[in-house]
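Here is what each chain is made of, one letter per residue.
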Amino acid sequence: MTGSGEDWPNDGLDVAGSDFGFWVPGVDYIAGWREAREAADRLNRALLGSGIELSAVRAVASTTEDGRGVVRLAGWPGGVNRLAGLLEALTHGDGGAS
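Residues numbered from 1 in each chain as written. Predicted model: local features only at pLDDT ≥ 70, side-chain atom pairs only at ≥ 80, totals over all residues. Heavy atoms only, no water.

Peer 1: Run through the pairing of strand β2 (residues 57–64), naming residues and quoting values.
Peer 2: By the criterion of burial, β2 is predominantly enclosed, with eight of the eight residues buried. Covered by surrounding structure in β2 are Val-57, Ala-59, Ala-61 and Thr-63 together with Arg-58, Val-60, Ser-62 and Thr-64, the residues of both alternating faces. By the bridge criterion, seven bridges tie β2 to strand β3 (residues 69–75) in an arrangement that is antiparallel. Within the sheet, the bridge partner assigned to Val-57 lies in β3 and is Gly-75. Here β2 folds back onto β3, and the loop between the two strands holds four residues, one of which, Gly-67, carries a positive phi near 90°. (Buried < 20%, exposed > 50% of the residue type's maximum accessible area, 1.4 Å probe, protein only. Helix = DSSP H or I, 4+ residues; strand = E, 2+ residues; numbered from the N terminus. Pairing = 2+ DSSP bridges.)

Here it is in C-alpha cells:
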C-alpha cells in the first residue's frame, strides 16, 4: 500500500534525520520501519476510503536515526487541503472529536 506511485519518491526503508548520512551498526531500523509501515498502510486505506487518491496525499513509512518508526504525510497542497477539510468537518459538529 505504501509503495511508490507516480511522481512519489520510493518509500522503502528510508532513514531520515537532519545530519544522518549512514546507518548505525546495532540499531534495528527494520522493526521501527515495519511498525511505521503498518500505520502508514492503515492511514492510506482510510484516505482511500474517504475518497482521497494516494496520488494527492499519502502516508509514507520511515525511521529516525535511532531506529524509531516515523510516518510522514506527503501530498500536493490541494490534497492536503481536502484532508484538512474532512478533519475540520469531524471536529466541528458531525459527531467527531471535540
